[in-house]
Amino acid sequence: MLIPLLADTYHVIAPDYPGFGHIEAPSRDRYSYTFDALAASISALLAYLKIDSYALFMQDYGGPVGFRMALSRPDQVKARSSSKTPTLIARASALIGSA
């Protein structure tokens, strides 16, 4: 329900992770299903789309992915919001500061 509300004002991207949703599931010998690999995949998608500045909305499983992206390129993250990622918020906030 959030995407339609934001789409009138923002360019919203909500990609599926490899092997999740509507995307093909590469075999484990072709893709490492780790948070690091998922963050690298989404970062590669943003680079392909020539997006170098963005806000993150992270929920549940997306928290570890988004925080890894923010830690690797904090200059690109203009805002962040998270929901249901309580164990990561304090640790990541200490590392990347408050955005």
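Predicted, not measured: the structure shown is a model, and the values here were computed from it.

Caption draft 1: Representation of the packing of helix 2 (residues 35–48) against helix 3 (residues 62–72) within the structure. In contact at an axis separation of 8 Å, helix 2 and helix 3 are set at 60 degrees when each is read in the N-to-C sense. The angle between helix 2 and helix 3 falls in the class oblique. Where helix 2 crosses over helix 3, the handedness of that crossing is right-handed. Taking contact as the criterion, the partners of F35, D36, L38, A39, I42, S43 and L46 in helix 2 are, on helix 3, P64, V65, R68 and M69. Looking at the contact of helix 2 with helix 3 residue by residue, the classes come out as eight nonpolar, one polar and two charged.

Caption draft 2: Region of the structure containing the side chain of Q76. Structurally, Q76 is set in the loop between helix 3 and strand 2 (77–83). The exposure class assigned to Q76 is buried, which follows from its relative accessible area of 13%. Q76 has contacts with D52, S53 and Y54, leaving out every residue within four places of it along the chain.

Conventions used here
Residues numbered from 1 in each chain as written. Predicted model: local features only at pLDDT ≥ 70, side-chain atom pairs only at ≥ 80, totals over all residues. Heavy atoms only, no water. Axes fitted to C-alpha atoms, helices over the stretch in contact; angles between N-to-C directions. Helix = DSSP H or I, 4+ residues; strand = E, 2+ residues; numbered from the N terminus. Parallel < 35°, antiparallel > 145°, perpendicular 65-115°, else oblique. Left-handed = near helix turned anticlockwise from the far one by under 90°. Contact = heavy atoms within 4.5 Å. Nonpolar A, V, L, I, M, F, W, Y, C, P; charged D, E, K, R; others polar. Buried < 20%, exposed > 50% of the residue type's maximum accessible area, 1.4 Å probe, protein only.

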